[in-house]
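Here are the chains, one letter per residue:
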Amino acid sequence: MDEPSELEPSTSAQNDPKTKAQEEDDVPKPQFKCHNCDLNEEYDYFGKRPPFASRIQFNENCYVMKDPFSPAPEQEKTTNSEYFIALGADCVKCNRPICRGQDCSFYYSKSYCLSCAGGVLSSFPLEVQSKIRKQIANSRTK
């Protein structure tokens, strides 16, 4: 009678090794926080080539998260290049993290927070200067 009956729950499930995805879920993720708007979100990768979006290469280091609204690509298939969200990057001038929102940043070969873009406005081509001015004006009216 010392043997467990078939009706008793097994404790072997507690000893089963976790899958890699389960282990990743247990590790706390770093936080991205936009310096301008206080957007605060966990991110999965910082750099130019997210491993979960193998066909993507950014021109600058970006804060990237796996898209929580898209199903994960199957391991056997090629990595889905749409399975990510680029949250933001560090401003090329002040090095503060900024999101991709129009009220927070401007991208012209690198990311600039709007205050730094306004500070170096004359270094941009005239057409780009006009876009930056409009973007800064629109961000102030909100």
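As a reminder, the structure under discussion sits directly above these lines.
If you're wondering where the values come from, they're calculated on a predicted model, not measured in any experiment.

**Q** Would you mind going over the sheet that holds strand S6 (residues 97-99) with me for this structure?
**A** Hydrogen bonds along the backbone pair up the strands of a sheet, which may run parallel or antiparallel. The sheet built from four strands is open, its strands ordered S3-S4-S5-S6 with antiparallel pairing. This sheet does not close on itself; its edge strands, each paired only once, are strand S3 (45-47) and S6. Geometrically, the sheet is characterised by an average inter-axis angle of 30 degrees between neighbouring strands, direction not taken into account.

**Q** Before we go on, may I ask you to explain the environment of Asn61 in this structure?
**A** Relative to the elements of secondary structure, Asn61 occurs in the loop between S3 and strand S4 (62-65). In this structure the C-alpha to C-alpha distance between Asn61 and Ala89, which are 28 residues apart in sequence, comes to 6.3 Å. Not counting residues within four places of it along the chain, the set of residues in contact with Asn61 comprises Phe46, Gly47, Lys48 and Ala89.

**Q** Honestly, the pattern of salt bridges in this entry has me stumped. Any pointers?
**A** Should the charged atoms of two oppositely charged side chains come close, the side chains can pair. Scanning the entire structure with this criterion turns up two salt bridges. The salt bridge partner of Glu60 is Arg100, with a shortest N-O separation of 3.4 Å. Separated by 40 residues along the polypeptide, Glu60 in the loop between S3 and S4 and Arg100 in the loop between S6 and strand S7 (105-108) bring together distant segments of the chain.

**Q** Help me out: how do you make sense of the packing of aromatic side chains in this one?
**A** Any two aromatic rings considered together are summarised by their centre-to-centre distance and by the angle between their planes. Applying the stated rule across the entire model yields seven aromatic pairs. Considering the side-chain rings of Tyr43 and Tyr63, the 5.0 Å spacing of their centres and the 80 degrees angle between planes classify their relative orientation as edge-to-face. Separated by 20 residues along the polypeptide, Tyr43 in the loop between strand S2 (40-42) and S3 and Tyr63 in strand S4 bring together distant segments of the chain. The class of Tyr43 is buried, set by a relative accessible area of 14%. Taking the centre distance of 5.1 Å and the plane angle of 75 degrees together, the rings of Tyr112 and Phe124 count as edge-to-face. A residue pair is termed long-range when its members are at least 10 positions apart, and Tyr112 in strand S8 (residues 110-113) and Phe124 in the loop between helix H3 (114-119) and helix H4 (126-140) qualify at 12 residues. Taking the relative accessible area as the measure of exposure, Tyr112 reaches 12% and is therefore buried. Overall, Phe124 belongs to the buried group, its relative accessible area being 5%. Ring pairing ties together the aromatic residues Phe32, Tyr43, Phe46 and Tyr63, which thus form one cluster.

Criteria and cut-off values
- Residues take numbers from 1 onward in each chain, read along the sequence in its written order.
- For this predicted model, a pLDDT threshold of at least 70 governs which residues receive local features, and a threshold of 80 or more governs which side-chain atom pairs are given and counted, while totals over whole chains, interfaces and linings are taken from all residues.
- Water and hydrogen atoms play no part in the side-chain values, which are based on all heavy atoms of the structure.
- By this definition, two strands are paired if DSSP reports at least two bridges between them.
- Secondary structure elements are defined from DSSP: runs of H or I of at least 4 residues count as helices, runs of E of at least 2 residues count as strands, and each element is numbered from the N terminus.
- Fitted lines through C-alpha atoms serve as axes, helices being fitted only where they are in contact, and the angles separating the N-to-C directions of these axes extend from 0 to 180 degrees.
- By definition in these notes, contact holds between two residues if any of their heavy atoms fall within 4.5 Å.
- A pair is scored as a salt bridge if a Lys or Arg side-chain nitrogen falls within 4 Å of a carboxyl oxygen belonging to Asp or Glu.
- Ring pairs are drawn from Phe, Tyr and Trp, using the six-membered ring of Trp, whenever the two centres fall within 6.5 Å, and their geometry is named by plane angle: stacked under 30 degrees, edge-to-face over 60, tilted for the rest.
- Whether a residue is buried, partly exposed or exposed follows from its accessible area with a 1.4 Å probe, protein chains only, as a fraction of its type maximum: under 20%, in between, or over 50%, in that order.

Interpretation note: all reported values are geometric properties and have no functional meaning in isolation.
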